[in-house]
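Overview (structure and organization)
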Amino acid sequence: MNLLEIKDLHVTYGTGAAAVRGVDLTIAPGRKLGVAGESGCGKSTLAMALLRLLPASARLTGSVLLDGEDVLTMKWGRLRAVRWAGASIVFQGAMHSLNAVHRIGDQIAEPILLHGLATPAAARTRVGELLEQVGLPGARADAYPHELSGGQRQRVMIAMALACAPRLIVADEPTTALDVMIQAQILRLIEQLVAEQDIGLLMISHDLAVLADTCDRLAVMYAGRIVEEGPAREVYEAARHPYGRALSAAFPRIGDAATRRAPRGLPGDPPDPSALPPGCTFHPRCPVALAACAAEDQALRAAGPGRSAACVLVG
Ligand code: ADP
Ligand code: MG
């Protein structure tokens, strides 16, 4: 059985913004899926929908099966049990996710105690272990968030995400706020921990190169839909959808001779989800659009073994 199975997921905000429009994605146990796309394409909305963390005004349809159980229809009590213990989320800005007036050890212990997984004394021991796992001394449990660097705070967020031994971790731009060196360390840490503990990973980023390094498979999201999906390396090196190609050109791999030339910029921005263009939503920015693209949207279709793309020029 798949660890995560998202089927025909739609999310529309109270403002009328159709932020997620018919997303299908799966993650097998212990596997790593990357979701790439520019800012505003619906990635965080997708991440938050998985654990029903969206504002009440958001309308959700479709299903999100976590180990076969639909998160979207489960009762509140069950949902509380699933958050942290079934799946947990690491957000981008650790400073905003951590409480400034509580010691980090107490914050890491909170989900453990909330789920009744340990006595307070045992939880303290577990917090020490978790901090060591993410490369911080156990004694840092007594620190307040402002006493830590940005990278250390992100390590604390990862410790918290691991605290209840979840089967899935959702990491939404976990390193975007960090400088490049620290970014690489944090990515290696996440990779190592999910591999050791056989945790599934859904990693979100605007940077295709980062995802190609970390994930097994890669999905490219544009205007609320997945427009390309396949093995991570293949999608990064030879995307079939023009948007996938534009994204990978925008984020060249460091040290790769072929990409040392100036990256081709992608002019413009993704469309406003309350006023989507007709036809293929990418056509106004697409360098290879045909006249037909303004009239007809394309569904995902086979684009080679284990690959799919939603473009009239594919298949
Ligand atoms: P990403 O994470 O890819 O940058 P988001 O999921 O944050 O994208 O946003 C997708 C779209 O949904 C954007 O157009 C954004 O303005 C809109 N949006 C996000 N949150 C809300 C909200 N709470 N209410 C209304 N619109 C929202
Ligand atoms: Mg986001």
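Our structure is the block above this text.
Below is a summary of the structure that appears in this document. (Residues numbered from 1 in each chain as written. Chains lettered and ligands numbered in written order. Predicted model: local features only at pLDDT ≥ 70, side-chain atom pairs only at ≥ 80, totals over all residues. Heavy atoms only, no water.)

This part covers the sheet that holds strand 5 (residues 69-70). Pairing within the open sheet is antiparallel, and its 4 strands lie in the order 2-1-4-5. The open sheet terminates on both sides in strands that have one partner only, identified here as strand 2 (18-27) and strand 5. Relative to strand 5, strand 4 (residues 59-66) is paired through 2 bridges, and the arrangement is antiparallel. Paired with Leu 66 across the strands is Glu 69, a residue of strand 5. Against the sheet, helix 1 (residues 43-50) makes contact with strand 1 (4-12), strand 2 and strand 4, and its axis sits at roughly 120 degrees relative to strand 1, the strand it touches most. (Pairing = 2+ DSSP bridges. Helix = DSSP H or I, 4+ residues; strand = E, 2+ residues; numbered from the N terminus. Contact = heavy atoms within 4.5 Å. Axes fitted to C-alpha atoms, helices over the stretch in contact; angles between N-to-C directions.)

Within the secondary structure, Asp 70 sits in strand 5. Although buried, Asp 70 forms no salt bridge, and the nearest oppositely charged side chain, Arg 52, lies 7.2 Å from it. Reaching out from Asp 70, the side chain makes a polar contact with the backbone nitrogen of Leu 72 at a distance of 2.9 Å. With sequence-adjacent residues up to four places away left out, Asp 70 is seen in contact with Gly 62, Ser 63, Val 64 and Leu 65. (Buried < 20%, exposed > 50% of the residue type's maximum accessible area, 1.4 Å probe, protein only. Lys, Arg positive; Asp, Glu negative; His and termini not counted. Salt bridge = Lys/Arg side-chain N within 4 Å of Asp/Glu carboxyl O. Polar contact = N/O pair within 3.5 Å; in protein donor to acceptor, adjacent residues only side chain to side chain.)

This part is about the side chain of Arg 225. Topologically, Arg 225 is positioned in strand 10 (residues 225-231). A distance of 3.0 Å separates a polar atom in the side chain of Arg 225 from the backbone oxygen of Gln 298. If sequence neighbours within four positions are ignored, Arg 225 has contacts with Arg 21, Val 23, Val 220, Asp 297, Gln 298, Ala 299 and Leu 300.

Applying the stated criterion across every chain yields a total of 3 aromatic pairs. Taking the centre distance of 4.4 Å and the plane angle of 55 degrees together, the rings of Tyr 222 and Tyr 243 count as tilted. On the criterion of sequence distance, the pair formed by Tyr 222 in strand 9 (residues 217-222) and Tyr 243 in helix 10 (residues 242-250) is long-range, its members being 21 residues apart. Classification of Tyr 243 as buried rests on a relative accessible area of 0%. Here Tyr 243 and Phe 282 contribute two aromatic rings whose centre-to-centre distance is 5.2 Å and whose plane-to-plane angle is 65 degrees, an arrangement assigned as edge-to-face. With Tyr 243 in helix 10 and Phe 282 in the loop between helix 10 and strand 11 (301-302), the pair connects residues that are 39 residues apart, well separated along the chain. One aromatic cluster is present, formed by Tyr 222, Tyr 243 and Phe 282 through successive ring pairs. The positively charged end of Arg 52 is found above the aromatic ring belonging to Trp 76, 5.0 Å away from the centroid. (Phe/Tyr/Trp six-rings, centres within 6.5 Å; stacked < 30°, edge-to-face > 60°. Lys NZ or Arg CZ within 6 Å of the ring centre and 35° of its normal.)

With that settled, consider the site of ligand 1. In the vicinity of ligand 1, 13 residues are found, and the nearest of them are Gly 40, Lys 43, Ser 44, Thr 45 and Pro 273. The side chain of Tyr 13 places a nitrogen or oxygen atom 3.4 Å from a nitrogen atom of ligand 1. Protein burial of ligand 1: of its 560 Å² of free accessible surface, 66% is covered by the chains. Looking at which element gives the most residues to the shell around ligand 1, the answer is helix 1, with 3 residues. The residue inventory of the shell around ligand 1, partitioned by class, reads 5 nonpolar, 6 polar and 2 charged. (Near = heavy atom within 4 Å. Areas by Shrake-Rupley, 256 points an atom, 1.4 Å probe, with all protein chains shown as cover. Nonpolar A, V, L, I, M, F, W, Y, C, P; charged D, E, K, R; others polar.)

Another point: a nonpolar patch on the surface. On the surface, a nonpolar cluster with roughly 290 Å² of combined accessible area is contributed by Val 288, Leu 290, Val 312 and Leu 313. By secondary structure assignment, the location of Leu 313 is in the segment after strand 12 (308-309). (Patch = residues over 30% accessible without salt bridge, like charges linked within 9 Å, V, L, I, M, F, W, Y side chains within 5 Å.)

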